[in-house]
Amino acid sequence: HKDAYQAILDGVKGGAKEKRLAAQFIPKFFKHFPELADSAINAQLDLCEDEDVSIRRQAIKELPQFATGDNLPRVADILTQLLQSDDSAEFNLVNNALLSIFKMDAKGTLGGLFSQILQGEDIVRERAIKFLSTKLKTLPEEVMTKEVEEFILTESKKVLEDVTGEEFVLFMKILSGLKSLQTVSGRQQLVELVAEQADLEQTFNPSDPDCVDRLLQCTRQAVPLFSKNVHSTKFVTYFCEHVLPNLSSLTTPVEGLDIQLEVLKLLAEMSSFCGDMEKLESNLKKLFDKLLEYMPLPPEEAENGENAGNEEPKLQFSYVECLLYSFHQLGRKLPDFLTAKLNAEKLKDFKIRLQYFARGLQVYIRQLRLALQGKTGEALKTEENKIKVVALKITNNINVLIKDLFHIPPSYKSTVTLSWKPVQKADAGQKRTTEDTTSSSPPKKSPAGPKRDARQIYNPPSGKYSSNLGSFSYEQRGGFRGGRGRGWGGRGNRSRGRIY
């Protein structure tokens, strides 16, 4: 019957009817003619590239039947390349075919996918990564064995040697979803991967938007991984030593982003999970000095009791919440910093600043509570009231932290939930609200800075606080400027065409 099968293979060179029959019969009898396997697969591939869409779809649908033994990785490789199809029905057929061979041999299928991610054309690479990031989590446990997950981690590490920011985010999503990496040691491994991507050994260049963006994008991926057992020390140290001193000169390619507030928010979130730090005193001093920049001294009063200056200092509550929280978290590790490490004059100066800030704070909290009094449900969902709710969280948080530092000696016992984080439980000084501040929504455009003249504290708070009420993940904004070749390393031109 070999001749008859060969005749079917030759049908791919015939008309539409012959091709349709060939698309059905080549896979049907494939297993009976192992010696013609290469010719059969190549014939089916020709049909997968036919001009007639119905023939192409039929040929793609039958491809899993060729995925036997040693042929499976090759079929996976072919199907991965076919992901570049712009026909939605065809694209769905390719996805389904890949999923069906995944269940036959996950490692073999992954081999085909990763070979295209590493060597294929950009469009194929992009779609193969997206396939992994959306489909792996849908596969049952008997398919996603420990061995398969280890293979994914090993291959992903090869890809991560040269990725764009957007690709990096997708790979972190893939890896953090693996069951074997849900453990403390698994999380630690992921943090090390992120630290490697962030290149924390390099000199930080605040005027290079790519350098800043890379650090922020990596830190965002690391933050959810930190816990009391997986420490953020390496990142917190880097932020204190390299980023804080350059805060005012940071640049970003993301339009409308308050980059300084972004950095301070990340530092605040990480500070809760910082372990033992080598240069704790020196880094606490850097944090303290930065906090002082945003904690003004009260304006000098003239003899008649009026302000000698033209205007009062501006109080930047959003920045102060982050800096004060970070200082409070790290200060726990060196509780005598304010009393033993600062001279008496500096401590006195700090207390004056705290007192002045607290006065403005109290008035503002009263105004906000009054403005929100009796408002529930829908009324709290207006843009203006959302900002007021967050403003109240910020001011309450600062109030609690300032009270702690006023203790003699300063105390570090209070706990607060950062204003942009969802409230887990009622914390000391934390006002419960119906505001949803979960971190899944993309951020709204932030104003240039949360500044407001201190004398205007009786006015509504719009503009004083960042209006970024959700998380600060702007993954969807294009990540690291451009595709591979810029961003995170030059990937060169690897357009190879069909390499089945």
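All of these numbers come straight from a predicted model, not from anything done at the bench.

Overview of the overall build of the protein chain
Looking only at helices and strands, the protein chain features 19 helices and zero strands. When the 500 residues of the protein chain are sorted by exposure, 52% land in the buried category. Contacts spanning at least 24 positions in sequence make up 72% of the contacts within the protein chain whose residues lie at least 6 apart. As displayed, the protein chain offers around 23,300 Å² of accessible surface, 48% of which is attributable to carbon and sulfur atoms.

So, the packing of helix α13 (residues 233-243) against helix α14 (residues 259-271)
Packing of α13 against α14 leaves a shortest axis separation of 9 Å and a crossing angle of 145 degrees. Judged by the sense of rotation from one axis to the other, the crossing of α13 with α14 is left-handed. Within the contact between the two elements, α13 uses Phe-235, Val-236, Phe-239 and Val-243 and α14 uses Val-263, Leu-266, Leu-267, Met-270 and Ser-271. For the contact of α13 with α14, the per-class residue count stands at eight nonpolar, one polar and no charged.

A look at the nonpolar core
Ranked by internal contacts, the top residues of the largest apolar core, which has 150 residues, are Ile-26, Leu-79, Ile-152, Phe-235, Phe-327 and Leu-338. If near-sequence neighbours (up to four positions away) are discounted, Ile-152 is found in contact with Leu-110, Phe-114, Leu-136, Met-144, Ile-174, Leu-175 and Leu-178.

Topic: unusual backbone geometry
For the bond running from Ile-408 to Pro-409, omega is -10 degrees, close enough to zero to count as cis. Its place among the elements puts Pro-409 in the segment after α19 (383-406). Positioned with a positive phi, Asp-199 is a non-glycine residue whose angle comes to about 55 degrees. Here Asp-199 shows up in the loop between α11 (184-198) and α12 (209-222).

Points about the side chain of Ser-85
Within the secondary structure, Ser-85 sits in the loop between α5 (72-82) and α6 (88-104). Not counting residues up to four positions away in its chain, the partners in contact with Ser-85 are Glu-90, Phe-91 and Arg-127.

Some points on the pattern of salt bridges
If you walk through the whole model with that rule in mind, you get 20 salt bridges. Arg-57 is paired through a salt bridge with Asp-87; the nearest N and O atoms lie 3.0 Å apart. Of this pair, Arg-57 sits in helix α4 (residues 53-62) while Asp-87 sits in the loop between α5 and α6; the two residues are 30 residues apart in sequence, bridging distant segments of the chain. Overall, Arg-57 belongs to the partly exposed group, its relative accessible area being 30%. Residue Asp-87 is classed as partly exposed on the basis of its relative accessible area of 21%. Where Glu-281 meets Lys-341, a salt bridge forms, and the shortest distance between an N and an O atom there is 3.7 Å. Pair noted here: Glu-281 is in helix α15 (residues 280-293) and Lys-341 is in helix α17 (residues 337-341), with a separation of 60 residues, a long-range link. When its relative accessible area of 39% is taken as the criterion, Glu-281 is described as partly exposed.

Regarding α13
Burial runs high along α13: eight of the eleven residues are buried. When α13 is considered as a whole, its buried residues turn out to be Thr-233, Phe-235, Val-236, Thr-237, Tyr-238, Phe-239, Cys-240 and Val-243. In the core, the buried residues of α13 are packed alongside α11, α12, α14, α15 and α16 (317-331).

Some details on helix α3 (residues 37-48)
Residues separated by three or four positions in an α-helix point in the same direction, a consequence of the helix having 3.6 residues per turn. Compared with the 16 Å implied by 1.5 Å per residue over twelve residues, the 16 Å span of α3 between its first and last C-alpha is a close match. By the burial criterion, the buried members of α3 are Ala-37, Ala-40, Ile-41, Ala-43, Gln-44, Leu-45, Leu-47 and Cys-48. Next to the buried residues of α3 lie α1 (2-10), α2 (16-29), α4 and α5.

Looking at the confidence of the model for the protein chain
As a note on interpretation, predicted positions should not be read in detail where pLDDT is low. For the protein chain, the average pLDDT comes to 83, and 82% of its residues sit at 70 or higher. Every residue in residues 425-500 scores below 50 in pLDDT, and together they form 210 contacts with partners more than four places removed in sequence or on other chains.

What about the packing of aromatic side chains?
Summed over the entire model, instances satisfying the criterion amount to 14 aromatic pairs. With centroids separated by 5.0 Å and ring planes inclined at 55 degrees, the aromatic side chains of Tyr-294 and Tyr-319 adopt a geometry described as tilted. Placement of the pair is Tyr-294 in the loop between α15 and α16 and Tyr-319 in helix α16, with a sequence separation of 25 residues. Classification of Tyr-294 as buried rests on a relative accessible area of 10%. Judged by relative accessible area, Tyr-319 falls into the buried class, the value being 5%. Here Phe-317 and Phe-357 contribute two aromatic rings whose centre-to-centre distance is 5.1 Å and whose plane-to-plane angle is 90 degrees, an arrangement assigned as edge-to-face. Taken together, the residues Phe-317 in helix α16 and Phe-357 in helix α18 (residues 344-372) connect sequence positions 40 residues apart. Site record: aromatic cluster; members linked through ring pairs are Phe-288, Phe-327, Phe-337 and Phe-350.

Some points on the state of the cysteines
For the structure shown, the criterion picks out zero disulfides. Here Cys-274 is not disulfide-linked; the sulfur of Cys-240 is the nearest cysteine sulfur, at 7.6 Å.

Reading guide: rules and limits
Residues numbered from 1 in each chain as written. Predicted model: local features only at pLDDT ≥ 70, side-chain atom pairs only at ≥ 80, totals over all residues. Heavy atoms only, no water. Helix = DSSP H or I, 4+ residues; strand = E, 2+ residues; numbered from the N terminus. Buried < 20%, exposed > 50% of the residue type's maximum accessible area, 1.4 Å probe, protein only. Contact = heavy atoms within 4.5 Å. Areas by Shrake-Rupley, 256 points an atom, 1.4 Å probe, with all protein chains shown as cover. Axes fitted to C-alpha atoms, helices over the stretch in contact; angles between N-to-C directions. Left-handed = near helix turned anticlockwise from the far one by under 90°. Nonpolar A, V, L, I, M, F, W, Y, C, P; charged D, E, K, R; others polar. Core = buried A, V, L, I, M, F, W, Y, C linked by side-chain atoms within 4.5 Å. Salt bridge = Lys/Arg side-chain N within 4 Å of Asp/Glu carboxyl O. Expected span 1.5 Å × (residues − 1). pLDDT = per-residue confidence, 0-100. Phe/Tyr/Trp six-rings, centres within 6.5 Å; stacked < 30°, edge-to-face > 60°. Disulfide = S-S within 2.5 Å.

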